[in-house]
Amino acid sequence: MNDATARMRLESMLAELDRSIGVLRGDPLAVWDRSPADGGSVLTDADRNRAMLEAATRQRRSVLEALKRLDEGLYGLCADCGGPVPEGRLEARPEATRCVQCQSRRERRR
Ligand SMILES: [Zn+2]
């Protein structure tokens, strides 16, 4: 995948995420959990909404990081070890900034 394609995919992901985050933030479900008069199902919806918002926010951060690495000419290289990130991984996740080994090491540390 060349840089222009990567940038295009990342920018469309970013636009999509911004839209989702806007919807999730504006969703009345997000504030319902402050008045839990109606019981369980409302809370569940609010929790799901919050989890989706967190996931979208986290992914947005990765996309921004990947765009920054494109600007620096470092896209496709692992942010930790500097080795190449496999093409197949970038195809599946254009926002990936680490090779599989470094990513799993970070996730274990968490
Ligand atoms: Zn690495």
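The following refers to the structure shown. (Residues numbered from 1 in each chain as written. Predicted model: local features only at pLDDT ≥ 70, side-chain atom pairs only at ≥ 80, totals over all residues. Heavy atoms only, no water.)

## Considerations on the overall build of the protein
Here is the rule: Going along the chain from the N terminus, every DSSP run of H or I of four or more residues is numbered as a helix, and every run of E of two or more is numbered as a strand. Summary of the burial criterion: residues with accessible area below 20% of their type's maximum are buried, those above 50% are exposed, and those between are partly exposed, where the area comes from a 1.4 Å probe applied to protein chains only. Pairs of residues are marked as contacts when any of their non-hydrogen atoms sit within 4.5 Å.
A count of helical and extended segments in the protein gives five helices and zero strands. Reading the secondary structure of the protein in the N-to-C direction produces α-α-α-α-α. Split into buried and exposed, the 110 residues of the protein put 29% on the buried side. In the protein, the proportion of contacts linking residues at least 24 apart, taken out of those at least 6 apart, comes to 54%.

## Concerning the environment of Asp-3
The residue Asp-3 is located in helix H1 (residues 3–26) in this model. Overall, Asp-3 belongs to the partly exposed group, its relative accessible area being 41%. In sequence terms Asp-3 and Leu-67 are 64 residues apart; their C-alpha atoms lie 9.8 Å from each other. In this structure, Asp-3 is in contact with Leu-70 and Tyr-75, ignoring residues within four places of it in sequence.

## Looking at the side chain of Thr-97
Within the secondary structure layout, Thr-97 lies in the loop between helix H4 (87–92) and helix H5 (100–109). If we skip the residues at most four places from it in the chain, Thr-97 touches Glu-65, Ala-66, Arg-69, Leu-77, Cys-78 and Ala-79.

## Quick look at the coordination of the zinc ion
Quick reminder of the rule: The donor definition counts N, O and S atoms within 2.8 Å of each metal and applies 3.2 Å to Na, K and Ca; water is not among these atoms, so some sites may look incomplete. Irregular is the default label, applied whenever a site is not tetrahedral (four donors, all angles between 85 and 135 degrees) and neither square planar nor octahedral (four or six donors, opposite donors over 155 degrees apart, all other angles between 65 and 115).
Every protein donor of the zinc ion is listed here as Cys-78 (SG), Cys-81 (SG), Cys-99 (SG) and Cys-102 (SG), and their distances to the metal cover 2.3 to 2.4 Å. Coordination geometry of the zinc ion: the four donor atoms subtend angles of 105 to 115 degrees at the metal centre, consistent with an arrangement described as tetrahedral. Using a relative accessible area of 4% as the deciding quantity, one classes Cys-102 as buried.

## A closer look at H1
This is how the line gets drawn: Given the number of residues in a helix, its expected span is that number minus one, multiplied by 1.5 Å. The definition of a polar contact used here is a pair of N or O atoms within 3.5 Å, where within protein one atom must be able to donate a hydrogen and the other to accept one, and adjacent residues in sequence count solely through side-chain atom pairs.
The first and last C-alpha atoms of H1 sit 34 Å apart over 24 residues, in line with the 34 Å expected at 1.5 Å per residue. Inspection of H1 places Ala-6, Leu-10, Met-13, Leu-14, Leu-17, Ile-21 and Leu-24 among the buried residues, and these make up the whole buried set. N-capping of H1 is provided by Asn-2, with a side-chain oxygen placed 3.3 Å from the backbone N of Ala-4.

Function-wise, these values are silent; they only describe arrangement.
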